[in-house]
Structure formats: structure tokens, C-alpha cells
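# Analysis of the macromolecular model
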Amino acid sequence: MTQVVTRFAPSPTGHLHIGGARTAIFCWLLARHFNGRFHLRIEDTDLLRSKQEYTDSILASMRWLGLDWDGEPVYQTNRTELYNSYVDKLLQAGHAYWCSCTPEEVEAMREEARQAGRKPRYNGRCRTRDLGPGEGRCVRLKTPLSGKVVFDDMVKGRIAVDVSELDDMVIRRADGMPTYNMAVVVDDHSMGITHVIRGDDHVSNTPRQILIYEALGLPVPRFGHVPMILGPDRQKLSKRHGARAVIEYKQDGLLPQALEALQQLAAGLGPAVEQGRGQQALGDVLFAAVAAARLCQADPEECLYRASQRFLTQFGQMEEAAPAPLQEMTEAQKQALWEQVKNRQ
């Protein structure tokens, strides 16, 4: 079997949050299980929002979680020359072209498509104009005119996207910087990544990235897209919506094993926590349950309640799981239950 190589690639535009931590744990576990390699890449090309304090926080959070990585962290801002060398290869091979269309012109194309009931997209105006470099010009990939992009997702199964759904995407902006999809493909190839595990908000990026791999003649890694963690309002948790920073859990006195328990719950592997993680991890499983509530199809408070019951029953503090439903418990009873769990740590 080829050595498994995974990566976690956060952007330092905020602190590492619970959803990102879960993805990092999945990537780390897969690599370590198969005696492979796990790399950390800092995707810091958003110069306006990226901050060193967030990078430092991400590194500290990873260390606190015990997620060690192989080699030094890779920083995208140090690799612009490498990315552009691959863009040049695509231009030379005829798989990409220069485009002089302004953002306003592209938006007008999209609006025209909307009015006609078609998918809003760039119409390929510069595809056959044989332009060269010039001020204000970007580089676009020549998307095949027919066919499908098909891949077997490790989580979702077979996914097929018709290329008519995709336009000629920009791979180098007018300012000379590569776009996200271009940089990710170059990074994952040059770092030897074999398995890409990430949130399912990236599913739409995958066909585009596969097209870049194929245009460059590079092997395509395996992809797996895990469900997003949702908050009580059923909205995706993110840096800007409801997600607490991992570093806050540390400041609250939470044990890092709790976030390992999170991935167990999220993957439906609850029994593995009891069998192999020890008493402290069990004591913290209720925190993980709150974060994983959407994945286990439960209300966060109810998930907390059931995790507390399970913990106390496991260690003989309750003869059996308390029959009273959460909504019938007083605040004092909830607090007493919570104190019993905390005292077992």
C-alpha cells in the first residue's frame, strides 16, 4: 500500500474552531493509523485578513490537542513563485489562456445568463483570442467543453459533475497571485498528499481541482468530505458564526481528550471512547457531545444530558440512566448532574 499522507490546511483569518479541530483530528488519525505522514499547511494568502496572532493560536491549539505534524509547517505566502511556475506550464501546454475581461464585463455575462435562465458563468470570450500578458489580465483554465468530472468520495460515494456546470475558472489573478484552487493543487501535489479530508463545504471545489490535476498530468489524490458541524440554529458553525475557538476550551479548563471524543461521537464510534480513551476522556465527552450535536441528530442540551448519564452510569454513580427527560429537570437538577460529572475528572 502506498504510504498515506494527509494534511490539515487552516487559514489564519481567525482562531482554530471546533469544526476545524475535528477535521484536523480525522486527518491526523488516518495518517497515524496507517503509519503515514501528517502535514500542516497555513493558507495565508488572504493578506488582508490573515494575522500572525491567529497563526500562533492555530499552532498552539494543535499542540494542545496533541496533533503533532511531520516536518515544518508550510506557508503559502512563501510559495508564490512555485504556483506561478505551474500556471506557466498550463499556458505553455495550451490548457490555460490570458483573459482581458474586466470584473464588470464578467458580471454582465453572468447577469445575461441569469436573465436567460442559464447558470451564471463566464462565457469564454477570451478563450480563442490568443492574448498575451498585459496589465489587468488574469489567466483562466480551459475547461473541457463536454464530459463529466467523476470521483469516488470516501464519505459521500460517487460524485459526478457535468463540465457544463463549470466555467473557465481564474487560476492567476490580475495582480499575479494564484487563486485558491490553483495553489491547493500545487501544494497537495508537491507535498505528496494522498488523501484529502475536509469539510463538505469544499465539495464544489473538488471537480475544479481535479480539472487542474488532469491538465497538469498529475495524479489525483483521494477525497473525503465530512459533514459540517451545525449549531442549535442549524446553521454551519464557522469562525464568524457560533463556533468557539479551541483555545477558549483550554482556557475553560477542558481536557484536550474531549476533542478526541468529539471525533469519536461524530463518526458514530462512541464505544471506542469507553474502551480505549480512559476515565478523563469519558469525563469530558459531554463537551464533545455539545459540539457534535447536529451530527448525532440531537439538541445540544439533550446531547449533554445523555452524555452525562452515560458517564455516571459507566462508573457506577447511577444505578441506571436517569429516566427523567431533560425538559422535566429543574435548573438545580441539571447543575447537580453537571457537578457529578465534573467531580469524576
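My aim in this report is to walk through the structure given alongside it, one point at a time. Computed from a prediction, not measured in an experiment: that's the story for all the values here.

### Some remarks on the side chain of D188
Mapped onto the fold, D188 is located in helix α5 (residues 180-190). According to the relative accessible area criterion, D188 is buried, its value standing at 1%. If we skip the residues at most four places from it in the chain, D188 touches R7, R41, I193, V196 and Y213.

### Observations concerning the environment of V106
Considering the arrangement of structural elements, one finds V106 in helix α4 (residues 103-115). Those residues within four positions of V106 in sequence are excluded, and the remaining contacts are C101, Y122 and R140.

### Structural notes on the packing of aromatic side chains
All chains considered together, the criterion is met by one aromatic pair. Between the aromatic rings of F151 and F223, the centroid separation amounts to 6.1 Å while the plane-to-plane angle is 70°, which identifies the pairing as edge-to-face. Taken together, the residues F151 in strand β6 (residues 148-153) and F223 in strand β10 (residues 222-226) connect sequence positions 72 residues apart. A residue is classified by how much of its surface remains accessible, and F151, at 7% relative accessible area, is buried. We classify F223 as buried; its relative accessible area is 2%. Sitting over the face of the ring of Y122, R140 holds its NZ or CZ atom 3.7 Å from the ring centroid.

### Considerations on the pattern of salt bridges
Taken as a whole, this structure holds 16 salt bridges when the rule is applied. Here R114 ties to E107 by a salt bridge, and the two come within 3.2 Å at their closest N and O atoms. Judged by relative accessible area, which is 38%, R114 ranks as partly exposed. With relative accessibility at 38%, the residue E107 sits in the partly exposed group. Taken together, the salt bridges that share partners define one network made up of R7, R41, E43, R79, D187 and D188.

### Things to note about helix α2 (residues 52-64)
For an α-helix, the turn length of 3.6 residues means that residues three or four places apart are oriented alike. End to end, α2 covers 18 Å across 13 residues, agreeing with the expected 18 Å (1.5 Å per residue, within 8%). Remark: G66 follows α2 within two positions and exhibits a positive phi of approximately 80°.

### Some remarks on empty space enclosed by the protein
All told, the structure shown has one cavity of 30 Å³ or more when counted by the stated rule. If you add up the space inside the largest cavity, you get close to 30 Å³. T45, Q76, R173, P178, T179, Y180 and A183 together form the lining of the largest cavity. Of the residues that constitute the lining of the largest cavity, the class distribution is three nonpolar, three polar and one charged.

### Description of the packing of helix α3 (residues 80-92) against α5
Packing of α3 against α5 leaves a shortest axis separation of 10 Å and a crossing angle of 105°. One element, α3, and the other, α5, form an angle in the roughly perpendicular class. Contact residues: α3 offers L82, Y83, Y86, V87 and L90, while α5 offers M182, A183, V186, D187, H189 and S190.

### Topic: the side chain of D187
Among the structural elements, D187 can be located in helix α5. Excluding anything up to four places from it in sequence, D187 contacts R41, Q76, R79 and Y83.

### Brief notes about the environment of E248
On the secondary structure map, E248 appears in helix α7 (residues 246-251). Taking the C-alpha atoms as reference points, E248 and L16, separated by 232 residues in sequence, lie 9.9 Å from one another.

### Some words on the sheet that holds strand β5 (residues 138-141)
Across the sheet, which stays open at both edges, the three strands sit in the order β4-β5-β8 with antiparallel pairing between neighbours. The open sheet is flanked by β4 (96-99) and β8 (170-172), the only strands paired with a single partner. On average, each strand axis in the sheet is inclined to that of its neighbour by 45°, with strand direction left out of account. Where α3 meets the sheet, its contacts fall on β4, β5 and β8, and the angle it forms with β8 comes to roughly 125°.

### Some remarks on the nonpolar core
One finds L90, V139, L141, I171, M182, I212 and L216 to be the most contacted residues of the largest nonpolar core, which totals 34 residues. Elements with a minimum of two residues in this core: α3, β4, β5, β6, β7 (157-162), α5 and α6 (205-216). For I212, the contacting residues outside a window of four places in its chain are L141, M169, I171, N181, M182 and V185. Formed by 23 residues, the second largest nonpolar core is a distinct cluster that contains V4, I25, W64 and V226.

Basis of the calculations
Residues numbered from 1 in each chain as written. Predicted model: local features only at pLDDT ≥ 70, side-chain atom pairs only at ≥ 80, totals over all residues. Heavy atoms only, no water. Helix = DSSP H or I, 4+ residues; strand = E, 2+ residues; numbered from the N terminus. Buried < 20%, exposed > 50% of the residue type's maximum accessible area, 1.4 Å probe, protein only. Contact = heavy atoms within 4.5 Å. Phe/Tyr/Trp six-rings, centres within 6.5 Å; stacked < 30°, edge-to-face > 60°. Lys NZ or Arg CZ within 6 Å of the ring centre and 35° of its normal. Salt bridge = Lys/Arg side-chain N within 4 Å of Asp/Glu carboxyl O. Expected span 1.5 Å × (residues − 1). 1 Å grid on protein atoms, 1.4 Å probe; cavity = no way out; pocket = protein on both sides within 12 Å on 5 of 7 lines; lining within 4 Å. Points joined across faces, edges and corners; volume = space filled by probe spheres on them. Nonpolar A, V, L, I, M, F, W, Y, C, P; charged D, E, K, R; others polar. Axes fitted to C-alpha atoms, helices over the stretch in contact; angles between N-to-C directions. Parallel < 35°, antiparallel > 145°, perpendicular 65-115°, else oblique. Pairing = 2+ DSSP bridges. Core = buried A, V, L, I, M, F, W, Y, C linked by side-chain atoms within 4.5 Å.

These figures capture arrangement, not role.
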